[in-house]
Amino acid sequence: MRNKAISGLVCAALTAGATVLGGVAPATAQGGQAAVQGTATDSVRERLEKIPGMKVVSVADKEGHPLYTLTYVQPVDHRKPGGATFTQRATLWHKSTDKPTVLYTSGYTLPGGTASLTRLIDANQVSVEHRYFARSRPSGAAGDDWSKMTVQQEAADEHRLTRALRTIEKGKWLGTGASKGGMTATYHERYYPGDLDAVVAFVAPNDAVHRDDSGYERFFKTVGTKECRDALNAVQREMLVRRDTLLPKFEADAKADGDTFEETLGTTDRAYEFAVLDQVWNFWQSGTAADCSTVPDAKRATDDELYGWSKKHGLSVYRDEDLGTNGSGPYYRQAATQLGWADLKFKHLKGVRHYPDLYQPNSVLPAAMRGTYNGATVADVDRWVRSRGRQMMFIYGQNDPWSAERFTPSRHDSYRYEVPGANHGASIAALPEAERTKAVATIKRWADVK
């Protein structure tokens, strides 16, 4: 949205910020020492268990340091802290109380990897699952009240968790995440600027003015070469021109995979069109300019060639099983109500679309999860980042459609970098050497490490 393919977006969100910074040596925290087994670990566990609402579910070893799996009781509505609650999942990879700590969120489920920032500054890492995703969801009627699935409520979740764990981890705290995780880290900073010492957000979209999607339109008119853009548009159009012969292939795949669409998109015809509309976006989100050489000649390709290539290069399936309360549905609920989406015009598809209003997040949501858009929150965050944000860094990819509408940092020790030729997996490691050196030095300064 707007669309990203569900699989593509979620994968990118979980991995882009976890890319190891190749060629960059980890730093040593000033005064920091490696955590030891035995009494030190026991002491940290005891302190965790003394935090009201905190439970240590398990402890494992990760690279010689304890990895605590945690749950933390949170209010469903932070405006009514005495009301209903839910348990939010988190982990703490503890090395030393003197080292910096990275607060890492995917904006979705609990991230299981190590953030690149954690490697770079040799930090502790707190990973947190976003409310209403996976097992961090209220039970009963509260779990069906999507009005509490908001930017503000999640920021308050992370605020409470951060303040609780800062009683243990005494070094600098840096927030990070990629895609929706980068957005979530930015929102946390906006509402609770005293929690974190800095934020490093990767490929974080910013649909600050939803009625103006000219940034996305410009992107698709300029990305790559004209030859590649024309070839991709021709394939996308041909997929709809040949709907009568290609839809049966889509339906056969859906039947074989057990995919259904009744609760969300409604019919296989609508699901097929939505998948095709997403195709060029996904090509650039996950691919590179080198993939342009694989694009078939739209007019000469056989049905099997056209459909086979499309399945490998951006044709995404939005199915009921992935879009409900236990899948990516909570993201699309947020997109429909607060985050916004790219409302593309698709002028090159004039005359071959059956559903002109299809390409928006409510289309892929069950009826009970749909909502009405209000852009006040993202507009406010955008203004705050531009004018008042401090020690914030944004990393974007030149060829990433999600990077087409981006945050503009303030002049208060804040920065933005664009990785040449990069997609939704843009990383600091891939920046030109001079920019990479500057970005790394800035982050280490923020983290107070050598």
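Below you will find a few notes about this structure. These numbers come from a predicted model, not from an experiment.

## Topic: the overall build of the chain
A tally of helices and strands in the chain yields 16 helices and nine strands. The C-alpha radius of gyration of the chain comes to 22 Å, within 12% of the 22 Å expected for a compact globule of 450 residues. A buried classification covers 57% of the 450 residues belonging to the chain. For the chain, restricting intrachain contacts to residue pairs at least 6 apart in sequence, the fraction spanning at least 24 positions comes to 73%. Carbon and sulfur atoms make up 49% of the accessible area of the chain, which totals about 17900 Å². Across the chain, the 58 positively charged side chains and the 54 negatively charged ones have centroids separated by 5 Å.

## Here's the deal with the sheet that holds strand 3 (residues 85–93)
The strand order across the open sheet built from nine strands is 1-2-3-5-4-6-7-8-9, with neighbouring strands paired in mixed fashion. Looking at the sheet topology across the chains shown, the edges are occupied by strand 1 (54–62) and strand 9 (415–419). When strand polarity is set aside, the average angle formed by the axes of neighbouring strands in this sheet is 20°. In this structure, strand 4 (residues 101–105) lies alongside strand 6 (residues 173–178), joined through four bridges in parallel fashion. Residue T101 lies in a different strand from strand 6, and its bridge partner there is W173. Sheet strands touched by helix 5 (residues 151–165): strand 1, strand 2 (65–75), strand 3, strand 4, strand 5 (124–128) and strand 6. Its angle to strand 2, the strand with the most contacts, is close to 130°.

## Digging into the packing of helix 6 (residues 180–191) against helix 14 (residues 329–339)
Helices that pack against each other are described as a pair by the angle of their axes relative to one another and the distance between those axes. Contact pair helix 6 / helix 14: the axes reach a minimum separation of 13 Å and the direction vectors enclose 50°. The orientation of helix 6 relative to helix 14 falls into the category oblique. Both helix 6 and helix 14 take part in a crossing whose hand is left-handed. On helix 14, the residues touching K180, M183 and Y187 of helix 6 are Y331, Q334 and L339.

## Remarks on the pattern of salt bridges
Evaluated as defined, the whole model comprises 27 salt bridges. Here R45 and E49 are joined by a salt bridge, their closest N and O atoms 3.1 Å apart. You can see R45 and its partner E49 sitting in helix 2 (residues 39–49), four residues apart, about one turn around the helix. In this structure E49 comes out as partly exposed when scored by relative accessible area, which is 43%. Among the ionic pairs, D122 bridges to K95, the shortest N-O distance being 3.0 Å. Taken as a pair, D122 in the loop between helix 3 (116–121) and strand 5 and K95 in the loop between strand 3 and strand 4 lie far apart in primary sequence, 27 residues in all.

Each value, and the rule that gives it
- Residues numbered from 1 in each chain as written.
- Predicted model: local features only at pLDDT ≥ 70, side-chain atom pairs only at ≥ 80, totals over all residues.
- Heavy atoms only, no water.
- Helix = DSSP H or I, 4+ residues; strand = E, 2+ residues; numbered from the N terminus.
- Rg over C-alpha atoms; globule rule 2.2 N^0.38 Å.
- Buried < 20%, exposed > 50% of the residue type's maximum accessible area, 1.4 Å probe, protein only.
- Contact = heavy atoms within 4.5 Å.
- Areas by Shrake-Rupley, 256 points an atom, 1.4 Å probe, with all protein chains shown as cover.
- Lys, Arg positive; Asp, Glu negative; His and termini not counted.
- Charge placed at Lys NZ, Arg CZ, Asp CG, Glu CD.
- Pairing = 2+ DSSP bridges.
- Axes fitted to C-alpha atoms, helices over the stretch in contact; angles between N-to-C directions.
- Parallel < 35°, antiparallel > 145°, perpendicular 65-115°, else oblique.
- Left-handed = near helix turned anticlockwise from the far one by under 90°.
- Salt bridge = Lys/Arg side-chain N within 4 Å of Asp/Glu carboxyl O.

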